[in-house]
Amino acid sequence: MPELPEVESVRRAIAPVLVGRRFDRVRIYDARLVRPFEPSEVAAELQGERVAAVERRGKYLIVRFESSRVLLIHLRMTGNLLHTPPDSLPDDVHRRAVVTLDNGSDVAYRDVRRFGTWLLLEPGESEPYLATKVGEEPLSERFTAARLAERLRGRRGALKAALLDQRTLAGLGNIYVDEALWRARINPLRPAGSLDPGEVRRLHRGIRAALEHGLARQGSTLRDYRLPDGSSGSAQDEFHVYGRGGEPCDGCGTPIAKTTIAGRSSWFCPDCQPAQAASRSSRRPSRSRRQSSV
Ligand SMILES: [Zn+2]
């Protein structure tokens, strides 16, 4: 599933295509994309709208129109956008919608698994809607270690599950949570509320570093993620733990372990990310000390 770095990479690529352009013709081929609304009605509503801005909140793309209406696009598992010159769209059985812009070019929405959604909201509706769906933006300047500590305080569930919850932080998914926890040297099964202040600071840095790393490589190419020009990112070549079960840890050489947390495959280093918090006097306790503290 595209996560923050992938959706932000799509936003950066599609914004210059859309901003200032009018939706001349809209075709929606799949009722699931806009349900419970009628595809033909949504298409008719979108026609004539001119794009003022393309923003992002968590994994949502926000197409803001000059009318102050908003089209919220969620790519879910396999959604992607393709921008093509006039009259040059290739055939595609997985195409769910096409927007023809006032310069004749097309933006096509493709979605193999069909979990993606397009939601047209009236002026003033998008902020309250998003406020119920997504929490803090982890790359915003307002997101500090103290804010992260507040979000985790008192939570007894596994840290990984808390970080996957979009209302904790917006935009993290399975890949970047595993990568962030490896960078922070914290075990994904630790109770979310059990981190000491030093661990919260490490986690805060780890989250931002993992996301920035993915963003710098325009996201990772997994499943059907594509940028609007048909290209894809390269972050997957440099994952430290995600998908690397049995391979040596980049930090210590220990084989990466795989387990299931909150129903999701999860990878971590059993040595760098011990199940029990390391004592402050020794970040890398010996095997015997760690066992005695369990
Ligand atoms: Zn390690």
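Residues numbered from 1 in each chain as written. Predicted model: local features only at pLDDT ≥ 70, side-chain atom pairs only at ≥ 80, totals over all residues. Heavy atoms only, no water.

Undergrad: Please explain the overall build of the chain as it appears in this structure.
TA: Per the secondary structure count, the chain includes nine helices and ten strands. A compact globule built from 294 residues should have a C-alpha radius of gyration of about 19 Å, and the chain, at 21 Å, falls within 12% of that. Considering only C-alpha atoms, the chain reaches an extent of 70 × 35 × 30 Å along its principal axes. Considering only contacts within the chain whose residues lie at least 6 apart along the sequence, 62% involve residues at least 24 apart. Roughly 13,600 Å² of accessible area belongs to the chain as shown, and the carbon and sulfur atoms make up 47% of that amount. Counting 48 positive and 37 negative side-chain charges, the chain places the centres of these two groups 9 Å from one another. (Helix = DSSP H or I, 4+ residues; strand = E, 2+ residues; numbered from the N terminus. Rg over C-alpha atoms; globule rule 2.2 N^0.38 Å. Contact = heavy atoms within 4.5 Å. Areas by Shrake-Rupley, 256 points an atom, 1.4 Å probe, with all protein chains shown as cover. Lys, Arg positive; Asp, Glu negative; His and termini not counted. Charge placed at Lys NZ, Arg CZ, Asp CG, Glu CD.)

Undergrad: Is there a simple way to explain the nonpolar core in this structure?
TA: Within soluble globular proteins, side chains that are nonpolar tend to cluster in buried spots. Grouped together as the largest cluster of nonpolar side chains are 34 residues, with contacts concentrated most on Leu148, Leu152, Leu159, Leu163, Leu172, Leu203 and Ile207. When contributions to this core are tallied by element, the ones reaching two or more residues are helix H5 (145-152), helix H6 (159-164), helix H7 (174-184) and helix H8 (197-216). Considering each element in turn, this core owes the most residues, seven residues, to H7. With sequence-adjacent residues up to four places away left out, leucine 152 is seen in contact with Leu159, Ala162, Thr168, Ala192, Gly193, Leu195 and Leu203. (Core = buried A, V, L, I, M, F, W, Y, C linked by side-chain atoms within 4.5 Å. Buried < 20%, exposed > 50% of the residue type's maximum accessible area, 1.4 Å probe, protein only.)

Undergrad: Can you walk me through the environment of cysteine 272 in this structure?
TA: Along the chain, cysteine 272 falls in the loop between strand E10 (264-268) and helix H9 (287-293). C-alpha of cysteine 272 to C-alpha of arginine 12: the two residues are 260 residues apart in sequence and 35 Å apart in space. Residue contacts for cysteine 272: discarding those within four places in its chain leaves Arg185, Cys249 and Cys252.

Undergrad: Just checking my understanding: could you explain the coordination of the zinc ion for this structure?
TA: A metal bound by six donors in octahedral fashion has ideal angles of 90 or 180 degrees, whereas one bound by four tetrahedral donors has an ideal angle of 109.5 degrees. Within the protein, the zinc ion binds to Cys249 (SG), Cys252 (SG), Cys269 (SG) and Cys272 (SG); these donor distances fall in the range 2.2 to 2.4 Å. Metal-centred angles of 101 to 113° between the four donor atoms at the zinc ion mark the site as tetrahedral. (Donors = N, O, S within 2.8 Å, 3.2 Å for Na, K, Ca; no water. Tetrahedral: all angles 85-135°; square planar, octahedral: opposite > 155°, others 65-115°.)

Undergrad: I would appreciate a short explanation of the side chain of threonine 100 in the present structure.
TA: Along the chain, threonine 100 falls in strand E6 (residues 95-101). Here arginine 27 takes part through its side chain, which lies 2.8 Å from a polar atom of the side chain of threonine 100. Residues contacting threonine 100, with those up to four places away along its chain left out, are Arg22, Phe23, Asp24, Arg25, Arg27, Ser105 and Asp106. (Polar contact = N/O pair within 3.5 Å; in protein donor to acceptor, adjacent residues only side chain to side chain.)

Undergrad: Before we go on, may I ask you to explain the pattern of salt bridges in this structure?
TA: For the structure on display, the rule yields 25 salt bridges. In this structure, the salt-bridge partner of glutamate 8 is arginine 12, at a minimum N-O distance of 3.0 Å. Taken together, the residues glutamate 8 and arginine 12, both in helix H1 (residues 4-18) and four residues apart, mark about one turn of the helix. The partner of aspartate 30 in a salt bridge is arginine 114, with the nearest N and O atoms 2.9 Å apart. Residue aspartate 30 is found in the loop between strand E1 (23-28) and helix H2 (31-34), and its partner arginine 114 is found in the loop between strand E7 (106-111) and strand E8 (117-121); the two are separated by 84 residues along the sequence. In this structure aspartate 30 comes out as buried when scored by relative accessible area, which is 7%. Using a relative accessible area of 31% as the deciding quantity, one classes arginine 114 as partly exposed. When salt bridges with common partners are traced through the structure, they connect Glu8, Arg11, Arg12, Arg56, Arg57 and Glu137 into a single cluster. (Salt bridge = Lys/Arg side-chain N within 4 Å of Asp/Glu carboxyl O.)

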